[in-house]
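Here is how the chains run, residue by residue.
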Amino acid sequence: MRVAVLISSRGSNMQALVRACEAEGFPAEIVTVLSNNPDAGGLEFAASHNIPTKVINHRDYENREDFDAAISEYLTEQRVDLICLAGFMRLLTAEFVNKWRDRIVNIHPSLLPAFKGLHVHERAIESGARFTGCTVHYVRPEMDDGPIIAQAAVPILQDDTPDDLAARILVQEHRIYPLALKLIAERRVKVHGSVAKIIDASEPDTSLINPSEDN
Ligand code: GRF
């Protein structure tokens, strides 16, 4: 499976995906890392791992439609099967998302459908919830919406700052994004309406990752 990873800044999730794909026998290959931001730190990492990088700067386009069309054209040229959004900070048009329906996934640092949008960690702490986490999901035109592929939960501790919580969640992001990619590349994720089901998944036992990492 030919994968494009879209980033806007440091790209630590992209790095986790690259490392996973480098493992012997992993069923996906990252064929390009694309950024809207020419200064994204992650570009250097990708280049150092011999992955072609591309910058399509949104500032060079008059509107969202033209920017998205340029991305779509590039990804089509690269014969990309799956797009992984990894800290890509541009909203994509419904046209783009529908064109790539079920071939575009995102990672979000909360247990969706809770805490969509921005300032997620502050809002999770302020809510008084005891747990939050992260979610890999198929992308739909509405922000942070779409069938859930994998989630991991982490506790919110009493004295957590947003940065503490972000760091605890990030560790889990780096586990579930490669897991989700593997399941998709193995063609084991089937979308039924708003729900994604995993074929032959081992049920989570005491693990806070669903589906379990044994997959
Ligand atoms: C991650 O927390 C991800 O969940 C969110 O943006 C952040 C990107 O971090 N969508 P990185 O660039 O992958 O390090």
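(A) Structural view of the site of the ligand. In the neighbourhood of the ligand, the contacting residues comprise Arg-10, Gly-11, Ser-12, Asn-13, Gly-87, Ile-107, His-108, Pro-109 and Glu-173. One of the backbone nitrogen or oxygen atoms of Ile-107 is found 3.0 Å away from a nitrogen atom of the ligand. Coverage of the ligand by the protein amounts to 86% of the 370 Å² it exposes when considered alone. Among the detected pockets, the ligand sits in the largest pocket. Elements with a minimum of two residues in the shell around the ligand: helix 1 (12-22) and strand 5 (104-108). Of the residues in the shell around the ligand, the class split is 2 nonpolar, 5 polar and 2 charged.

(B) Fine view of the domain arrangement of the chain. According to the domain assignment, the chain consists of domain 1 (1-100) and domain 2 (108-215). Between the C-alpha centres of domain 1 and domain 2 there is a distance of 20 Å. Counting residues at the interface gives 21 residues for domain 1 and 16 residues for domain 2. Elements with a contribution of two residues or more to the side of domain 1 that touches domain 2: helix 1, strand 4 (82-85) and helix 4 (94-99). Of all the elements, helix 1 adds the most residues to the side of domain 1 that touches domain 2, at 6 residues. The residue inventory of the side of domain 1 that touches domain 2, partitioned by class, reads 17 nonpolar, 3 polar and 1 charged.

(C) Representation of the side chain of Ser-110 within the structure. Here Ser-110 lies in the loop between strand 5 and helix 5 (120-127). In contact with Ser-110, not counting residues within four places along its chain, are Phe-115, Val-120, Thr-132, Gly-133, Cys-134 and Thr-135.

(D) Here's a closer look at helix 1. Taken across its 11 residues, helix 1 has 8 buried, putting it largely inside the fold. The complete set of buried residues in helix 1 reads Ser-12, Asn-13, Met-14, Ala-16, Leu-17, Val-18, Ala-20 and Cys-21. Elements that come into contact with the buried residues of helix 1 comprise strand 1 (2-7), strand 2 (29-35), helix 2 (42-48), strand 4, strand 5 and helix 6 (162-185).

The rules we used
- Residues numbered from 1 in each chain as written.
- Predicted model: local features only at pLDDT ≥ 70, side-chain atom pairs only at ≥ 80, totals over all residues.
- Heavy atoms only, no water.
- Near = heavy atom within 4 Å.
- Polar contact = N/O pair within 3.5 Å; in protein donor to acceptor, adjacent residues only side chain to side chain.
- Areas by Shrake-Rupley, 256 points an atom, 1.4 Å probe, with all protein chains shown as cover.
- 1 Å grid on protein atoms, 1.4 Å probe; cavity = no way out; pocket = protein on both sides within 12 Å on 5 of 7 lines; lining within 4 Å.
- Sits in = over half its atoms within 2 Å of the grid points.
- Helix = DSSP H or I, 4+ residues; strand = E, 2+ residues; numbered from the N terminus.
- Nonpolar A, V, L, I, M, F, W, Y, C, P; charged D, E, K, R; others polar.
- Domains from an automatic or database assignment.
- Contact = heavy atoms within 4.5 Å.
- Buried < 20%, exposed > 50% of the residue type's maximum accessible area, 1.4 Å probe, protein only.

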